[in-house]
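# Structural overview for review
Read off the chains here:
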Amino acid sequence: MPESAKSVPQENPNFTPKLYGIAALVTVLVLSGLWLVSRYTQSDFQRDQAIWQEKLSLIAESRASEVNKWVAEHFNELRLLADNPSLRVYMTEIQMQEAATPAQAPAEPAAQSYLRSLLLFSAERTGFINRSNMSSIPANVMPETVNGVAIFNNKNEAVVSTILNNEARTIMAAQVKKIAAGQEGFIDMFKASDNKPYMGFVVPIYSIQGDRNAASQIGHVVGLIAADDAFFALLKHPGVTEKTLETILVRKAGGRLQYLSPLQDGSTPLAKDNAMDANKFSEVNMANNVGGFAMQQKDYRDKPILGTSRNINGTPWTMIVKIDRPEAYASGNDRRVSMMTFFLLMIAFIIMVIIAIWWYAHSKRAIFLSRYFRKLAAQSQSQEMLLKLVTDYQPESIMIVDTSNTIHFANLQAAVDANLTPGTLTGKSIKDVVGKDRAVQIGGQCLQALEDNAVGYDMYRIHADDKERVVRSAFVPLKYIPVPSLSKKVPGVLVVDQDVTEVVHERERRTKTSQQLVNMLVSLVDKRDPFSANHSQLVSKVAYEVAISVALDQSMVETTETAARMMNIGKIVVPTELLTKTSGLTEEEKAIVRDSMNVPSDMLHGISFDGPVEETLRQWQERWDGNGPLGLKHESILVSARIIAVANAFVGMISPRAWRDAIPVDQANKFLLEDSDKAFDRRIVIALINYVENHSGREWLTKMMIDTSGFKKVAR
């Protein structure tokens, strides 16, 4: 163990006083108290909700009972009038007189005068007319009021009435016509020409001797009554002190919700209506769900409310009792705020106690840590010196840069390569050290390494003093740069430059030798077969372009090109007369040619190439569908072999042979497409056609395919 490590104290720097445990316990208690207060507040709020739901329900039941009683009383008054024996006898007498002299307008009989007096008395007593509207004017004088009582016969004709205007008679006649025989009816609230609201009641009159059914009906008693302040006073609950508590009547009509009673915003009866949007208006929601409790939506004033509703018997009305939520919850909110304030003050006090405890413990701990970190800094400095010593004796240039291309560490070799003194690189930009062009290249590689979170590599050449250096750079991504000068964690990249000049030059010499060997073998084949002298060269060029277009890496591109050039060296073992024969081949001759295709891979066995050249030559005769000599198919066939198969077939078709002329390029493309997914990989075929049609491939082929022996050129 180094001496620097032994010098570090063995005490635990994370020492925590026992008082911290007490503070943690108090914190748990505080959080638990907050949770309990929150639960209590929520429970108290729900309690307030339940109280108001019950209170509003009681008010709604009380007011609905009063309105139901008022409606029932007026129906009962008209029933008493309709059941009056004298009225029923006189109605029968009047009908008999009308039946006896239908063509004449008889003088008013005594019975009719009696009925009018009866109607006036009953209407005044029950509120259908006011005393101010009473008059002894005969019936043929122009009526003056809308409210009143009338008797209609079965022909829907007014027999006798109180003092009514034409509007009232028309409304009564229209309503009587709608009501089935033997049925009672309610005339819904409407606004008359005097801009006042009215409503009415219809009760059937039965003959004195008949049963109470449709056949015995001899007329109707109809009463219209004003919806005045006395009626709307029924909606006000006695003893209510809340300012926003409101009881209103609504009804659904014509796809809208109409407000029948005066409203707090000053609207008069029947002056306001709203769309039937239950999500927007609480009144719509309560009209659709009678008896429920609304507490989410807003009312016609766009204010949040609590409310409930009840139906009014015998009418299409819904009574709604509501109150603004702020007023309803005001006292409860004050209580809850007081409670929360008290508990928050308690919690604040507890927190202050915890802070005091922490401060006391922290003071003692700071003294200990100060001594510890001084010794730790000394150890860190010694380790840094050791690391620098190790890196300075490395033959590679080593630097650490951040995303802004600033150098945060550099070893001795990096300073030597930059012609600077050691220690002066830190803090400089890469551009100031290696130049603008190389800095752009390094910056791009660093960003790519960080983005991929993987080690990246780059190779570049340096020319100086008629000498060439080849440098291979590795870019290692770092989550953050561990240097004291950075206050926060900054990502960076470790850049290591390695001189690989000798390795690269040796590889290039070997590659050049291999190319010379390949060229020699290809030239031997070309001399033996003048009809395909340029075949290997053309196949190699086409295969190279296709390999580039499908984005193969450089090694596989070179493998494809080399294998394409060597695919025909097997013709060395084929007799010259077979290569130049213009007539058909025998089966034995065909076997010789087929066997020659396997010669290249056998000849090259054991020779080292940078890529799978030998395997490519062994597989290029395989078919995409697996019906080739080795039975390989699809992606199990090397991509280099698939490219050579397509390129060889294409060049073979567009090249003249001893036994045929060249096939046009378009026809060759068609044949390749037809054999796609069977003999050839469709992706490779499309890449070849794209090169020929869109990248000057056709022009290049035309130029290269001129037959120097007098044979026909390639077909265009």
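Keep in mind that this is a model prediction, so the values were computed, not measured.

Here is what the cut-offs are and how they apply
- Residues numbered from 1 in each chain as written.
- Predicted model: local features only at pLDDT ≥ 70, side-chain atom pairs only at ≥ 80, totals over all residues.
- Heavy atoms only, no water.
- Helix = DSSP H or I, 4+ residues; strand = E, 2+ residues; numbered from the N terminus.
- Buried < 20%, exposed > 50% of the residue type's maximum accessible area, 1.4 Å probe, protein only.
- Contact = heavy atoms within 4.5 Å.
- Areas by Shrake-Rupley, 256 points an atom, 1.4 Å probe, with all protein chains shown as cover.
- Phe/Tyr/Trp six-rings, centres within 6.5 Å; stacked < 30°, edge-to-face > 60°.
- Salt bridge = Lys/Arg side-chain N within 4 Å of Asp/Glu carboxyl O.
- Core = buried A, V, L, I, M, F, W, Y, C linked by side-chain atoms within 4.5 Å.
- Polar contact = N/O pair within 3.5 Å; in protein donor to acceptor, adjacent residues only side chain to side chain.
- Pairing = 2+ DSSP bridges.
- Axes fitted to C-alpha atoms, helices over the stretch in contact; angles between N-to-C directions.
- Parallel < 35°, antiparallel > 145°, perpendicular 65-115°, else oblique.
- Nonpolar A, V, L, I, M, F, W, Y, C, P; charged D, E, K, R; others polar.
- Arc of directions from axis to C-beta.
- pLDDT = per-residue confidence, 0-100.

## Points about the overall build of the protein
From N to C terminus, the protein includes 23 helices and 16 strands. The 716 residues of the protein split such that 42% are buried. Residue pairs in contact within the protein that sit at least 24 positions apart in sequence constitute 55% of those at least 6 positions apart. With an accessible surface of roughly 38900 Å², the protein has 56% of that area assigned to carbon and sulfur atoms.

## Section: the environment of L494
Among the structural elements, L494 can be located in strand β16 (residues 492-499). For the pair L494 and M399, spaced 95 residues apart in sequence, the C-alpha to C-alpha distance is 5.9 Å. Residues within four places of L494 in sequence aside, it is in contact with I398, M399, I400, A474, F475, V476 and L478.

## Structural notes on the packing of aromatic side chains
Centre distance and the angle of the planes are the two values used to describe a pair of aromatic rings. The tally for this structure, following the rule as stated, stands at eleven aromatic pairs. Ring geometry for W70 against F231: centres 4.6 Å apart, planes inclined by 55°, an arrangement best described as tilted. One end of the pair, W70, is in helix α2 (residues 18-82); the other, F231, is in helix α6 (residues 229-232), with 161 residues separating them in the sequence. Each member of the aromatic cluster is reached from another via a ring pair, and the members are W70, F75, F128, F186, F201, F231, F232 and W317.

## Digging into the pattern of salt bridges
Following the criterion strictly, the structure yields 22 salt bridges and no others. The salt bridge partner of R335 is D48, with a shortest N-O separation of 3.4 Å. Residue R335 is located in helix α9 (residues 330-392), and its partner D48 is located in helix α2; the two are separated by 287 residues in the primary sequence. Here D48 falls in the buried class, since its relative accessible area comes to 11%.

## Points about the nonpolar core
Residues I643, F650, L672, F680 and L688 are the most contacted members of the largest nonpolar core, which totals 44 residues. Put simply, the parts of the chain that give this core at least two residues each are α14 (535-549), α15 (554-566), α19 (613-619), α20 (639-654), α21 (665-674) and α22 (682-694). Beyond its immediate sequence surroundings of up to four residues, L672 is in contact with V646, A649, F650, M653, F680, V685 and L688. If you look at the next biggest cluster of nonpolar residues, it comprises 41 residues, including F75, I94, L234 and W317.

## Overview of the side chain of T145
Inspection of the secondary structure assignment puts T145 in the loop between α4 (110-126) and β1 (148-153). Of the residues examined, T145 reaches a relative accessible area of 10% and is grouped as buried. From its side chain, T145 meets the backbone oxygen of N147 in a polar contact 3.2 Å long.

## Digging into the sheet that holds strand β4 (residues 197-206)
As summarised here, the arrangement of the five strands in space is β2-β1-β5-β4-β3, forming an open sheet in which the pairing is antiparallel. Both edges of this open sheet fall to β2 (158-161) and β3 (185-191), since each of them pairs with a single strand only. The mean inter-strand angle of the sheet, taken between neighbouring strand axes irrespective of direction, is 20°. Where β4 and strand β5 (residues 217-226) come together, nine bridges link them in antiparallel fashion. Bridge pairing in β5 links Y206 to Q217. The sheet contacts of helix α5 (residues 166-178) involve β1, β2, β3, β4 and β5, and relative to β1 the element is tilted by about 50°.

## Regarding the packing of α14 against α22
Think of two packed helices as two axes; the pair is described by the angle between the axes and how far apart they sit. Packing of α14 against α22 leaves a shortest axis separation of 9 Å and a crossing angle of 110°. In terms of orientation, α14 and α22 fall into the roughly perpendicular class. Each of K541, V542, E545, V546 and S549 in α14 lies in contact with α22, whose residues at this interface are I684, A687, L688 and Y691. Here the contact of α14 with α22 is composed, by residue class, of six nonpolar, one polar and two charged.

## Let's talk about α21
Taken residue by residue, α21 has V665, A668, N669 and L672 as its buried positions. Buried residues of α21, seen end-on, are gathered within an arc of 100° and therefore sit on one face of the element.

## Observations concerning unusual backbone geometry
Unusually for a residue other than glycine, N156 sits at a positive phi of about 65°. With relative accessibility at 24%, the residue N156 sits in the partly exposed group. Here N195, not a glycine, exhibits a phi torsion of approximately 65°, which is positive. Mapped onto the secondary structure, N195 falls in the loop between β3 and β4. Taking the relative accessible area as the measure of exposure, N195 reaches 53% and is therefore exposed.

## Section: the sheet that holds strand β6 (residues 246-253)
In any sheet, the strands associate via hydrogen bonds between backbone groups, in a parallel or an antiparallel arrangement. Spatially, β8-β7-β6-β11-β10-β9 is the arrangement adopted by the six strands of the open sheet, whose pairing is antiparallel. One side of each edge strand has no neighbouring strand; the edge strands of this open sheet are β8 (272-275) and β9 (293-294).

## Describing the environment of A253
Summarising the element assignment, A253 is placed in strand β6. According to the relative accessible area criterion, A253 is partly exposed, its value standing at 28%. Each C-alpha atom of the pair A253 and P316 lies 9.4 Å from the other, and the pair is 63 residues apart in sequence.

## Re the confidence of the model for the protein
The predicted model of the protein averages 79 in pLDDT, with 78% of residues at 70 or higher. Confidence over residues 1-15 falls short of pLDDT 50; this stretch has 18 contacts with residues more than four positions distant or in other chains. Per-residue pLDDT stays below 50 along residues 706-716; that stretch engages in 23 contacts with residues further than four places along the chain or on separate chains.

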